[in-house]
Structure formats: structure tokens, C-alpha cells
Number of protein chains: 2
Amino acid sequence: MKQIGWIGTGIMGKSMCGHLIDAGYSVSVYTRTREKAEDLIASGAAWCDTPRAVAERSDCVFTIVGYPYDVREVILGADGVLAGARSGSIIVDMTTSEPALAEEIAAEASSRGVAALDAPVSGGDTGARNGTLAIMCGGEQAAFDRVRPLFERMGTNIALLGGPGRGQHTKMCNQILVASGVVGTVEALLYAYRAGLDAEQVIEIVGTGAASSWSINNLGPRIAKRDYDPGFIIKHFIKDMGIALAEAKRMQLALPGLAMAHEFYKAASAQGLEDLGTQGLYKVLAKLNGIES
Amino acid sequence: MKQIGWIGTGIMGKSMCGHLIDAGYSVSVYTRTREKAEDLIASGAAWCDTPRAVAERSDCVFTIVGYPYDVREVILGADGVLAGARSGSIIVDMTTSEPALAEEIAAEASSRGVAALDAPVSGGDTGARNGTLAIMCGGEQAAFDRVRPLFERMGTNIALLGGPGRGQHTKMCNQILVASGVVGTVEALLYAYRAGLDAEQVIEIVGTGAASSWSINNLGPRIAKRDYDPGFIIKHFIKDMGIALAEAKRMQLALPGLAMAHEFYKAASAQGLEDLGTQGLYKVLAKLNGIES
């Protein structure tokens, strides 16, 4: 595990890959828009023109891209990772993506003597930058054990939750909780607004007990300041909730709270707010109630 | 502020009143069922036969009873606190009750030269026992300042949020957050169940980041053990959500997440589950999905 491949150098991937370079690993990199890899190249990463080329020179290839169809292309495509992956190597997809796709990748990889892990993360750009991500992994124990030292460069809360797809499923549990957290935060602050309360004072007193959540304590103050800049962008959250609802449907599971949150976020998108942070849901429910935001 | 009155010695009131006795205050007590006051009487509290009699000998009377109609009776009733309250004394209602009733009590009290505070709490039986409650107060600053040393025997996070009713309104914000927290926790754990994940493992990895909440970290493990014993009982929570929704209606505010949670808790009641803890919502959504719980 000396030659590492990295595919996808967006806001998350760039920081995560940087930690591996800092730790002395030899890294090959590919991303759709080469400019986004320039900082990593300057730090010593070797550029490759395709995911396949990355895989050909790597013991372990990480991918963290946008949507499930991107995962499919960079891993299973003609010039994808699997086309170049050496027998005995490992593919680790850290994109938040479909559990079923993770299972498909693991099966396809296995047939070529390659191991695959699904390992989506939580903790956002700050967690990526500080190396404090939660990493939720699905796959085989042996592969997990081999990759673990690399995960430890990126995160502090790392677990193998089961076989292929179980990392993605766990991330879906995470996103279900995030959805309800934002809904509660937004509704509580709308109530506070109508009741003539000071939002920051309310957050301070409710944020320590049974009502406390990451959402009220972190997104609440941003809403109070009408700061809708993204930590986590609405359009990616809509993707994640869509995956969770599709999986829930497949598993014969009704999740009314998640479905409702998804609908209101679709309204956010309809209103052109999809590049705001998830706390932008406040604007949607404010508008619904004829409140300025 | 030496002679203190206390009305309502349920699971919360008994601990809270006990802290005042322990601090050396002289306490008169009344509660509907005298047996529930025996421990406090044994600790030195003087029994009175009516709220009125309590008020006649007190500088400050605390009430913490069940429902808004109980508050109305013990404070505004013929044998209620206001009938006996001395000019210059203070009434502090710590029940979670209606903001409009708090305003009515404050106005009625004011006309008799008595101050009134609404000061509902958060933190549950544990917070009451340990003196670590959050106390959300509405009313006049001068009265708040006088009562503050007594609040400090009961809680650690104490704030005056505005005039009469603003403590109750803040508690409603708290309960809106609690509602969404439980919904998210329940849905995430149902998803985990269907996906074949270990609930405790999931809670451990999602409970530290953007998905974290008091609910997933405290109610989640109880659900994982199918422990539905009450910390906070469903029927009281239904009362609180009912107050919040009635106030929201009055303020022309649609809160779809809260309304949905309230509906599912009404289903819990319909299924005879109203004496379970709030985490009993898991049983409702499990049944909805044909899952054993």
C-alpha cells in the first residue's frame, strides 16, 4: 500500500488526498477538471489522464466524485479504475452513492481479484480539512484492515459496518438524521420569529438539552444571521435524500419525515436555491408562511 | 424571599422543591395527592390544604402541574394562588403550558400587585434531580432577578427571554426540536434495521457529526434495546405539541414537520402507547411498516 491513486479533487477530495501526500504516500491523481488538481500536483502528486491510468500504477485507488453516475463512469467505465486495477489492489469509493452500486462494484471487482470498499464520509469541508471525518465503511474486513492506516489520515471516527453497500446504507441513516435536524431547526426558528423571540437567545438555551443537535447549534446561528452560504450544498443533499428514498422504497420502508423534507428541498430547487447550504430550507418555509428571509 | 410555596410534587416538582429545602428555604407545599408530598414534608416542608393557603404564607410560589387547565385551577381558581397571594409576592409557573395563559396570569397578577413569571424547564427527571435544568423564563426583569437565586438551585442554563409568555414560547421552540429529533432517530433506525445494520454501531458513528443530536445519542440506544420506558412520557409530549400547534395557528404559521410528528404521536395514543417514553414513536412507525418492535 505505497502507491496510492486518487480520483476526484473537489472540496472534500482535495483535502483528503492532501493528507495522504503529507503523510508521505506516493499519489497519482485524476479529476475531470485538471485545474482542480494543480495544488496537489504542486505538492507532489503525479497527474494521470484517465482513472484507468491511475489504477494501473496504484495499490489502492480512492474515488470521491459527485453523483452515482460519476461513480459508475470512473470505476466501471471503459477508461475506469477497474479496467486498470491490478489483481490484489483495492478500490475505495468515498462518494455518497447508491448501496446497490457499491454492491455491483464489489462483485465486479471481486471477479477480477480486486477488493472494493464503500466508505462515504461525514463531517463536511471542515472535517476533511482537519482530518476529523467520520468514515462509514462497507466491505470485507481484510481490505478494511489494509486501508485503515490511510483512513486514519482523513478521519477520527472510522468503522466497518458490514459487507459491500453497508457504508452507503449507514451514510443514508446519517442523512435521514440530518434532514430531520434541519427541519426542526428551521421550524423552531420560524416559531421563534413569529413569537417575537431573539433567535440567538433561544438557540443558546435550547441547544444544551433534549432539543440539542448539531443542526440547531451550527446551522441555527447561521440562519439567525441570514447566512445561507453552503457548508453542505442543497443540490447534493437532494441527491442523498433521493438515494435514501429509493433504497427505502426498494426495502419496502415508508419514511414520512424524510419524504417530507425531500419535498421541501425540491421546492428549494424549484425556487433556484439549490446552491445554498442546507440551512437555506429556512427560506422555503419562510416563503411558505409569507415571512421575509 | 424566605418563605417559599410549592405546588405540584410530581416527578419533576418533587426534585426541584427538594433542592430549595436542601438550600435552607422555608417551604410550604400543596399537591393534589398528599401522599406525593410526604417525602418533602418529612424533609421539613409544611403541608397546606389549598394553593391559596400556600400563597398566604409565601413570598414566592412555584407551580409545576400537569396541563394548562391544572395551571388555571391552581393559580386562577377560587382556592388558587392568586386568591391568597400577598402584594409584592411572585408567582412562578414552571409547567409547560400555554403562552396565552401565562400572559393572562401575568395581567391578573399585576392587577393585584403580584408579579408572575412563566418558567418552563427542559432536562427531564435527570436534570431535575441533578439541578441541571434549562429554565426558560418570561416576565419582568425585576421579578426574574429576585427569583434567579432560587432558579440556580434547580438549573444551570437560565435565561429571561422576554415578557410574559416568552418562556412558554421558548419551550415550544424546544419541543419543536425534540419532535423532529425523535422522528429522525426513529426513521434512521428503521432504515438501519431494514438495511441489516447494527443499530448501536450506526449510532456510534453517526452520533458525533452533522447528524448528531441528543435524540439519536440518548433515545437511539434505548430503541436499539427496545426499551420504551419513559424519560419523557408520550401523553405529555402530545399536550406540548398541541399547544405549539395551537399557538402556531394563532400566529398564522404552518409547521408541517411538527404537525406530522403530532399526527404520528396521536397514532401512538390510538394504539394505547401514550404512557411510553417519546422513543415509543419507533413502535408506531415500525407497525406502519410491518416491522416487529
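About the thresholds
Residues numbered from 1 in each chain as written. Chains lettered and ligands numbered in written order. Predicted model: local features only at pLDDT ≥ 70, side-chain atom pairs only at ≥ 80, totals over all residues. Heavy atoms only, no water. Buried < 20%, exposed > 50% of the residue type's maximum accessible area, 1.4 Å probe, protein only. Helix = DSSP H or I, 4+ residues; strand = E, 2+ residues; numbered from the N terminus. Pairing = 2+ DSSP bridges. Expected span 1.5 Å × (residues − 1). Contact = heavy atoms within 4.5 Å. Buried area = accessible area lost by both parts, 1.4 Å probe. Salt bridge = Lys/Arg side-chain N within 4 Å of Asp/Glu carboxyl O. Polar contact = N/O pair within 3.5 Å; in protein donor to acceptor, adjacent residues only side chain to side chain. Nonpolar A, V, L, I, M, F, W, Y, C, P; charged D, E, K, R; others polar. pLDDT = per-residue confidence, 0-100. Core = buried A, V, L, I, M, F, W, Y, C linked by side-chain atoms within 4.5 Å. Least-squares fit on C-alpha atoms with pLDDT ≥ 70 in both. Axes fitted to C-alpha atoms, helices over the stretch in contact; angles between N-to-C directions. Phe/Tyr/Trp six-rings, centres within 6.5 Å; stacked < 30°, edge-to-face > 60°. Parallel < 35°, antiparallel > 145°, perpendicular 65-115°, else oblique. Left-handed = near helix turned anticlockwise from the far one by under 90°. Domains from an automatic or database assignment.

1. Things to note about the pairing of strand 8 (residues 133–137) of chain A
Residue and element names in this part refer to chain A. Taken across its 5 residues, strand 8 has 5 buried, putting it largely inside the fold. Neither face of strand 8 is open: one carries Leu-133, Ile-135 and Cys-137, the other Ala-134 and Met-136, and all of them are buried. Relative to strand 8, strand 7 (residues 121–122) is paired through 2 bridges, and the arrangement is antiparallel. For Val-121, the partnering residue across the bridge sits in strand 8 and is Ile-135.

2. Points about helix 1 (residues 11–22) of chain B
All names here are of chain B. Between its terminal C-alpha atoms helix 1 stretches 17 Å, which fits the 16 Å expected from 12 residues at 1.5 Å a residue. Where burial is concerned, most of helix 1 is hidden: 9 out of the 12 residues are buried. For helix 1, the set of buried residues is Met-12, Gly-13, Ser-15, Met-16, Cys-17, Gly-18, His-19, Leu-20 and Ile-21. Once helix 1 ends, the next one or two residues include Gly-24, with phi positive near 95°.

3. Notes on the interface of chain B and chain A
Chain B puts 60 residues into the contact, and the matching count from chain A is 60 residues. Of the roughly 5000 Å² buried between chain B and chain A on both sides combined, carbon and sulfur atoms contribute 67%. Looking only at chain B, the three residues that lose the most surface to chain A are Leu-177, Tyr-191 and Ile-205 of chain B, adding up to 16% of its buried area. Scanning the region where chain B abuts chain A turns up 0 salt bridges. Here chain B and chain A share 23 residue pairs in polar contact (both at pLDDT 80 or more) between them. For the side of chain B that touches chain A, the secondary structure elements donating two or more residues are strand 8 (133–138), strand 9 (155–162), helix 9 (166–194), helix 10 (199–206), helix 11 (214–224), helix 12 (234–250) and helix 13 (256–270) of chain B. Sorting elements by how many residues they give to the side of chain B that touches chain A places helix 9 of chain B first, with 19 residues. For the side of chain B that touches chain A, the per-class residue count stands at 39 nonpolar, 16 polar and 5 charged.

4. Remarks on the confidence of the model for chain A
Reading fine detail from the predicted coordinates is not recommended where pLDDT is low. For chain A, mean pLDDT is 97; residues scoring 70 or higher make up 100% of the total. Per the prediction output, this complex has pTM 0.96; the corresponding ipTM is 0.96.

5. Some remarks on the nonpolar core
Counting residues in each nonpolar core, the largest one holds 105 residues, and the members touching the most others are Tyr-191 of chain A together with Tyr-191 of chain B. Residues in contact with Tyr-191 of chain B, not counting those within four places in the same chain, are Pro-99, His-169, Met-172, Cys-173, Ile-176, Ala-244, Glu-247, Ala-248, Met-251, Leu-253 and Leu-255 of chain A.

6. Digging into the relation of the copies chain B and chain A
Superposing chain B onto chain A takes a rotation of 180° plus a shift of 0.0 Å along the axis, which leaves an RMSD of 0.0 Å. Between the two chains, the operation in question is that of a two-fold axis. Nearest to the rotation axis, the C-alpha of Ser-213 of chain B is located 1.9 Å from it, this being the minimum over chain B. Mapped onto chain A, 100% of the interface residues of chain B are again interface residues, and the two copies thus contact each other with one and the same surface.

7. Quick notes on the sheet that holds strand 7 of chain A
All names here are of chain A. With respect to topology, 3 strands assemble into an open sheet ordered 7-8-9, the strand pairing being mixed. Strands with a single pairing partner mark the edges of an open sheet, and in this sheet they are strand 7 and strand 9 (155–160). Here strand 8 runs beside strand 9; their pairing, made up of 5 bridges, is parallel. When the sheet's bridge partners are listed, Met-136 is paired in strand 9 with Ala-159.

8. Some thoughts on the sheet that holds strand 1 (residues 3–7) of chain A
Residues and elements named next belong to chain A. Taken together, 6 strands build an open sheet; the order of strands is 3-2-1-4-5-6 and the sheet is parallel. Lying at the two open borders of the sheet, with one neighbouring strand each, are strand 3 (46–47) and strand 6 (115–118). Both strand 1 and strand 2 (residues 26–30) contribute to a ladder of 5 bridges, which runs parallel. Across the sheet, residue Gln-3 finds its bridge partner in strand 2, namely Ser-26. The strands touched by helix 4 (residues 68–76) within the sheet are strand 1, strand 4 (60–63) and strand 5 (90–93), with strand 5 carrying the most contacts at an inclination of about 165°.

9. Re the pattern of salt bridges
Residue and element names in this part refer to chain A. Enumeration over the complete set of coordinates arrives at 28 salt bridges over all chains. Salt-bridge contacts for Glu-56 lead to Arg-52; the nearest nitrogen and oxygen are separated by 3.5 Å. Here Arg-52 and Glu-56 lie together in helix 3 (residues 51–56), a separation of 4 residues that amounts to about one turn.

10. Considering the packing of aromatic side chains
Residue and element names in this part refer to chain B. Applying the stated criterion to the full structure yields 14 aromatic pairs over all chains. Ring plane angle 35° and centroid distance 5.7 Å describe the contact between Tyr-30 and Trp-47, whose orientation is recorded as tilted. Remark: Trp-47 occurs in strand 3 (residues 46–47) and Tyr-30 occurs in strand 2 (residues 26–30); sequence separation between them is 17 residues. Each member of the pair, Tyr-30 as well as Trp-47, carries the same accessibility label: buried.

11. Details of the environment of Thr-185 of chain A
With respect to the helices and strands, Thr-185 of chain A occurs in helix 9 (residues 166–194). Thr-185 of chain A gets classed as buried once you look at its relative accessible area, which sits at 0%. When near neighbours in sequence (up to four residues on either side) are disregarded, Thr-185 of chain A contacts Ser-213, Ser-215, Ile-216, Gly-220 and Ile-223 of chain A together with Leu-177 of chain B. Here the side chain of Thr-185 of chain A touches Ile-216 of chain A through a polar contact of 3.2 Å, landing on its backbone nitrogen.

12. Things to note about the side chain of Ser-215 of chain A
All names here are of chain A. On the secondary structure map, Ser-215 appears in helix 11 (residues 214–224). Side-chain polar atoms of Ser-215 contact the backbone nitrogen of Val-182, separated by 3.5 Å. Sequence-distant contacts of Ser-215, defined by excluding residues within four places in its chain, comprise Gly-181, Val-182, Thr-185 and Gly-220.

13. A closer look at the packing of helix 10 (residues 199–206) of chain A against helix 9 of chain B
Relative orientation of the contacting elements helix 10 of chain A and helix 9 of chain B amounts to 60°, with a least axis distance of 10 Å. Of the possible angle classes, the one that applies to helix 10 of chain A and helix 9 of chain B is oblique. Seen from above, helix 10 of chain A lies across helix 9 of chain B with right-handed handedness. Facing helix 10 of chain A, whose interface residues are Val-202, Ile-205 and Val-206 of chain A, helix 9 of chain B presents Thr-170, Cys-173, Asn-174 and Leu-177 of chain B. Here the contact of helix 10 of chain A with helix 9 of chain B is composed, by residue class, of 5 nonpolar, 2 polar and no charged.

14. A few points about the domain arrangement of chain A
How big an interface is tends to be stated in terms of the accessible area lost upon association of its parts. Residue and element names in this part refer to chain A. For chain A, the assigned domains are domain 1 (3–163) and domain 2 (169–288). Taken together, the contact between domain 1 and domain 2 spans 14 residues of the former and 11 residues of the latter. Summed over both sides, the interface of domain 1 with domain 2 buries roughly 1100 Å², with 61% coming from carbon and sulfur. Three residues, Tyr-67, Thr-96 and Pro-99, lead the burial of domain 1 against domain 2; their summed loss comes to 46% of the area buried on that side. Remark: the boundary between domain 1 and domain 2 carries 0 salt bridges. At the boundary of domain 1 with domain 2, the tally comes to 4 residue pairs in polar contact (both at pLDDT 80 or more). At the level of secondary structure, the elements contributing two or more residues to the side of domain 1 that touches domain 2 comprise helix 6 (99–110) and strand 7. Of the residues in the side of domain 1 that touches domain 2, the class split is 8 nonpolar, 5 polar and 1 charged.

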